[in-house]
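Commentary on secondary and tertiary structure
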Amino acid sequence: MTMDLSGCRTMSDIAGHDAGAENWATIASLIETCKLNAVDPQAYLTSTLTAIVNGHKQNRVDELLPWNYRARPVVPSTQVRRLRSKLRIR
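Residues numbered from 1 in each chain as written. Predicted model: local features only at pLDDT ≥ 70, side-chain atom pairs only at ≥ 80, totals over all residues. Heavy atoms only, no water.

What to know about the overall build of the protein chain
The following threshold applies: The way it works is that DSSP assigns letters per residue, a run of H or I at least four long becomes a helix, a run of E at least two long becomes a strand, and they are numbered from the N terminus. Burial status follows relative accessibility: with a 1.4 Å probe on protein chains alone, a residue under 20% of its type maximum counts as buried, one over 50% as exposed, and anything between as partly exposed. Working rule for contacts: check all heavy atoms of both residues, and any pair within 4.5 Å makes them a contact. Note on areas: Shrake-Rupley, 1.4 Å probe, and residue coverage restricted to the protein chains presented here.
Helix and strand content of the protein chain: four helices and zero strands. Here the protein chain, with 90 residues, has 12% of them falling under the buried criterion. A separation threshold of at least 6 residues defines the contact pool for the protein chain, and within that pool the share at least 24 residues apart is 30%. Working note: accessible area of the protein chain is about 7700 Å², and carbon and sulfur atoms make up 55% of it.

Observations concerning the packing of aromatic side chains
Spelled out, the test is: Aromatic rings from Phe, Tyr and Trp, with only the six-membered ring used for Trp, were paired whenever their centres fell within 6.5 Å, and each pair was classed as stacked if the ring planes differed by under 30 degrees, edge-to-face if by over 60, and tilted otherwise.
Going through the model one piece at a time under the given rule, you end up with one aromatic pair. Seen from their ring centres, Tyr44 and Tyr69 are 5.5 Å apart, and the 85° between their planes marks the pair as edge-to-face. Of the two residues, Tyr44 is situated in helix H3 (residues 41–53) and Tyr69 in the loop between H3 and helix H4 (77–87); the sequence distance between them amounts to 25 residues. For Tyr69, a relative accessible area of 15% gives the class buried.

A closer look at the pattern of salt bridges
Charged atoms that come close allow side chains of opposite charge to pair. What counts is decided by this rule: The working definition used for a salt bridge is a side-chain nitrogen of Lys or Arg within 4 Å of a carboxyl oxygen of Asp or Glu.
As enumerated under the stated definition, the model contains two salt bridges in all. Residues Lys35 and Glu32 are paired through a salt bridge, measuring 3.3 Å at the closest nitrogen-oxygen approach. Here Lys35 and its partner Glu32 are both found in helix H2 (residues 18–36), three residues apart, which amounts to about one turn of the helix. Judged by relative accessible area, which is 41%, Lys35 ranks as partly exposed. Between Glu63 and Arg60 there is a salt bridge, and its shortest N-O distance comes to 2.9 Å. The class of Glu63 is partly exposed, set by a relative accessible area of 36%. What makes Arg60 partly exposed here is its relative accessible area of 36%.

Quick notes on H2
Put simply, the test is: The span one expects for a helix is its residue count, reduced by one, times 1.5 Å.
With 19 residues, H2 ought to run about 27 Å at 1.5 Å a step, and its terminal C-alpha atoms sit 27 Å apart, in line with that. All of the buried residues along H2 are Ala21, Ile31, Thr33 and Cys34. Just past H2, the residue Ala38 takes up positive phi, approximately 55°.

Here you go:
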């Protein structure tokens, strides 16, 4: 997910409102932090939002930070297809 922001004066130009711009900036920051920590942003956000919805304790919020996130490595689809063909899985 890449967006060219060079033509925009502020994030509110994109979001349409100051509050929307703040929310967008938070999400963009989380995505970039994931990338810096070699974490798949979509997997991280899915897991983290699911944990919050399921009642993750507020006093353990540090466990939800991108640099503390641990997940199985993302395997490119070509490798998955090769592995499945070797194992004869359909």
